[in-house]
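# Results of the structural survey
For reference, the chains in residue letters:
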2 protein chains.
Amino acid sequence: MTLLPLADFCCPPLLAGSLTATEAADVAVLFRVLGEPARLLLLSAIAAQPSQEVCACELVESLGLSQPTVSHHLKVMYEAGLLAKERRGNWIYYRIVRERLVSLGKVLD
Amino acid sequence: MTLLPLADFCCPPLLAGSLTATEAADVAVLFRVLGEPARLLLLSAIAAQPSQEVCACELVESLGLSQPTVSHHLKVMYEAGLLAKERRGNWIYYRIVRERLVSLGKVLD
DNA sequence: CATCAATATCGATGTGCGTCGATATAACTA
DNA sequence: TAGTTATATCGACGCACATCGATATTGATG
């Protein structure tokens, strides 16, 4: 469970034409995480909340996916550094790590 | 071989929290295309050229991949609207469709 | 037309992973 | 401790796809 450290994630823009094989592998991991409709919908559902965080149980209900599948996707995004989670009682609340998304977006500029 | 029309590709930012299932599917296709180290390196190699375009044969030599594999990746990116190609004699030159990359990047802002 | 070089397609193989039901773990409550 | 709910993990299945060698196609040139 090695997280990509946020501070270290900083690759040159793709259009700069100086990507190394290692950087390409790191960036590709993140793009592949986003290359799944279910995960994009989960991110959007979290962002749609005024509190900017959502209990996992609500996410299970909103999408048409089973609880294990939602849990799996949340874990993938958490380990990719795209989500943060916090336990409060029985519930676990997820929120988006915006800086992570934004820094990935800069690769495309 | 249905290209996503460039003019129609315009999804709300992920953080706006209003993504539909259809939009999620469309965006996910593009992210998945970018979720491959070989393809990112191909894009970077093209961007690295002063002329901003590269003959496919050069790309075969630069990466450690077979000619069919490189041809496959170029086709995937072409059909995703990320690359444009032009035949000149025996050679086919590929260039990056920058607007496509940039508009995808805006989804992450 | 025949030949050569560049590119694309085909068929096969192996792997990654999305999905689920079943089950385990964790936390609260009585 | 027992019971209930929320979440995570496990094992299995099926499909998508990256990769390659072999082959077809395309265009230029004698």
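Residues numbered from 1 in each chain as written. Chains lettered and ligands numbered in written order. Predicted model: local features only at pLDDT ≥ 70, side-chain atom pairs only at ≥ 80, totals over all residues. Heavy atoms only, no water.

This part takes up the protein's contact with DNA strand D. In the vicinity of DNA strand D lie 24 residues, with Cys57, Gln67 and Tyr94 of chain A together with Thr69 and His73 of chain B positioned nearest. What you see for DNA strand D is that sugar and phosphate hold 69% of its atoms within 4 Å of the protein. Here Cys57 of chain A contributes a backbone N or O atom positioned 2.8 Å from a phosphate oxygen of DNA strand D. Ile92 of chain A is positioned such that a nitrogen or oxygen atom in its backbone is 3.1 Å from a phosphate oxygen of DNA strand D. Mapped by element, the contributors of at least two residues to the surface near DNA strand D are helix 3 (56–62), helix 4 (67–79) and strand 3 (91–96) of chain A together with helix 4 (67–79) of chain B. Residue classes in the surface near DNA strand D are distributed as nine nonpolar, nine polar and six charged. (Near = heavy atom within 4 Å. Polar contact = N/O pair within 3.5 Å; in protein donor to acceptor, adjacent residues only side chain to side chain. Helix = DSSP H or I, 4+ residues; strand = E, 2+ residues; numbered from the N terminus. Nonpolar A, V, L, I, M, F, W, Y, C, P; charged D, E, K, R; others polar.)

Attention now goes to the protein's contact with DNA strand C. The full set close to DNA strand C counts 24 residues, and Thr69 and His73 of chain A together with Cys57, Gln67 and Tyr94 of chain B are the nearest of them. Near the protein, within 4 Å, the atoms of DNA strand C are sugar or phosphate in 70% of cases. Ser71 of chain B places a side-chain nitrogen or oxygen 2.9 Å from a phosphate oxygen of DNA strand C. Between a sugar or linking oxygen of DNA strand C and a main-chain N or O atom of Asn90 of chain B, the distance comes to 3.3 Å. Every element with two or more residues in the surface near DNA strand C is listed here: helix 4 of chain A together with helix 3 (56–62), helix 4 and strand 3 (91–96) of chain B. Per-class residue counts for the surface near DNA strand C are nine nonpolar, nine polar and six charged.

Right, let's get into the side chain of His73 of chain A. Residues and elements named next belong to chain A. Take His73: it is sitting in helix 4. Judged by relative accessible area, which is 8%, His73 ranks as buried. Side chain to side chain, His73 and Arg39 meet in a polar contact 3.1 Å long. If sequence neighbours within four positions are ignored, His73 has contacts with Glu36, Ala38, Arg39, Leu42 and Leu65. (Buried < 20%, exposed > 50% of the residue type's maximum accessible area, 1.4 Å probe, protein only. Contact = heavy atoms within 4.5 Å.)

Both copies of the chain are related by a screw-like operation: a rotation about an axis and a shift along it. With an axial shift of 0.0 Å and an RMSD of 0.0 Å, the rotation relating chain B to chain A amounts to 180°. Expressed as a symmetry operation, the mapping of one chain copy onto the other fits a two-fold axis. The residues that chain B uses at the interface reappear at the interface of chain A in 100% of cases, marking a shared surface. (Least-squares fit on C-alpha atoms with pLDDT ≥ 70 in both.)

Residue and element names in this part refer to chain A. Read across the open sheet, the three strands follow the order 1-3-2; overall the sheet is antiparallel. For this open sheet the edge positions go to strand 1 (53–55) and strand 2 (83–88), each flanked by a neighbour on one side alone. Along the sheet, successive strands turn relative to each other by an average axial angle of 25°, direction set aside. Sheet analysis places strand 2 next to strand 3, joined by six bridges and oriented antiparallel. Bridge pairing in strand 3 links Leu83 to Ile96. The strands that helix 2 (residues 37–47) touches are strand 1, strand 2 and strand 3; relative to strand 3, the one it contacts most, it runs at about 95°. (Pairing = 2+ DSSP bridges. Axes fitted to C-alpha atoms, helices over the stretch in contact; angles between N-to-C directions.)

Here we come to the nonpolar core. Grouped together as the largest cluster of nonpolar side chains are 65 residues, with contacts concentrated most on Leu34, Leu40 and Leu74 of chain A together with Leu34 and Leu40 of chain B. Sequence-distant contacts of Leu40 of chain A, that is, excluding residues within four places in its chain, are made with Leu34 of chain A together with Leu14, Leu19, Ala24, Val27, Ala28 and Phe31 of chain B. (Core = buried A, V, L, I, M, F, W, Y, C linked by side-chain atoms within 4.5 Å.)

We now examine the sheet that holds strand 1 (residues 53–55) of chain B. All names here are of chain B. Pairing within the open sheet is antiparallel, and its three strands lie in the order 1-3-2. Sheet topology places strand 1 and strand 2 (83–88) at the edges, where each strand pairs with a single neighbour. The average angle at which neighbouring strand axes cross in this sheet is 25°, direction not considered. This element, helix 4, spans strand 2 and strand 3 of the sheet and lies at about 120° to strand 2.

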